[in-house]
Amino acid sequence: KAGVTQTPRYLIKTRGQQVTLSCSPISGHRSVSWYQQTPGQGLQFLFEYFSETQRNKGNFPGRFSGRQFSNSRSEMNVSTLELGDSALYLCASSLVVQPTGELFFGEGSRLTVL
Amino acid sequence: TQLLEQSPQFLSIQEGENLTVYCNSSSVFSSLQWYRQEPGEGPVLLVTVVTGGEVKKLKRLTFQFGDARKDSSLHITAAQPGDTGLYLCAGANAGGTSYGKLTFGQGTILTVHP
């Protein structure tokens, strides 16, 4: 079956702009989690959605937001971009809520903020 | 905030050597997962350990969960170039308002030279 699909794979933005990233989970998976990966901080949890409800949220400012649709697809948005937002944003889907379910990661969306 | 410290951060060895990666915390985790990530891809789950003292073997890889569920190790026997990648440990929070959130270690970059 198809894996987790993230779009776009690469994007370049300038400071102050906003960006929306999309994630299509594996068919049948209802939980979607988002992570930010940087060389200095590693993988940091952003939020998890299950059945269109945010179940968990990491320690990120309010500029980072997300949502999940009825078909389990998810989007995350970052407003007023800062240079430090440059990172690989990873989406992971799971059949059930964490921590019991295995996480299946997409290939990520690499964001560069200039 | 729960932290997972991974060591070493970098490991460069010759094919055929053995190695161990450590994952330590002062916090108790309900379970611990190990992932491997290759360049340009998302992390892929290798194993989940849930019981204190548990040992799991996956071919040449041996995973151990500490008795107190605060630490874990990954041992690779006779490393091969195909083992090259970023190894990540991730602990599932044991309780409280953050139950279910995964905390990732900083990762260990392993390079196995032919």
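Everything below is about the structure shown above.
Residues numbered from 1 in each chain as written. Chains lettered and ligands numbered in written order. Predicted model: local features only at pLDDT ≥ 70, side-chain atom pairs only at ≥ 80, totals over all residues. Heavy atoms only, no water.

> Is there a simple way to think about the sheet that holds strand 7 (residues 61–65) of chain B in this case?
Hydrogen bonds along the backbone pair up the strands of a sheet, which may run parallel or antiparallel. All names here are of chain B. The strand order across the open sheet formed by five strands is 1-3-8-7-6, and the pairing between neighbours is antiparallel. Because the sheet does not close on itself, it has two edges, and the strands there are strand 1 (5–7) and strand 6 (55–58). Direction aside, the axes of adjacent strands within the sheet are offset by 15° on average. With six bridges connecting them, strand 3 (residues 19–24) and strand 8 (residues 71–76) associate as antiparallel partners. When the bridges of strand 8 are listed, Val-21 appears paired with Leu-74. (Pairing = 2+ DSSP bridges. Helix = DSSP H or I, 4+ residues; strand = E, 2+ residues; numbered from the N terminus. Axes fitted to C-alpha atoms, helices over the stretch in contact; angles between N-to-C directions.)

> Where do I start with the pattern of salt bridges in this structure?
A side chain of one charge can pair with a side chain of the opposite charge when the charged atoms of the two come close. In this structure the tally under the stated criterion is nine salt bridges over all chains. For the salt bridge of B:Lys56 with B:Glu54, the shortest nitrogen-to-oxygen distance reads 3.8 Å. We note a salt bridge from B:Asp83 to B:Arg60, for which the minimum N-O separation is 2.9 Å. On the criterion of sequence distance, the pair formed by B:Asp83 in the loop between strand 8 and strand 9 (85–93) and B:Arg60 in the loop between strand 6 and strand 7 is long-range, its members being 23 residues apart. Judged by its relative accessible area of 8%, B:Asp83 is buried. Judged by relative accessible area, B:Arg60 falls into the partly exposed class, the value being 24%. Several salt bridges share partner residues, and in doing so they unite A:Arg63, A:Glu82 and A:Asp85 into one network. (Salt bridge = Lys/Arg side-chain N within 4 Å of Asp/Glu carboxyl O. Buried < 20%, exposed > 50% of the residue type's maximum accessible area, 1.4 Å probe, protein only.)

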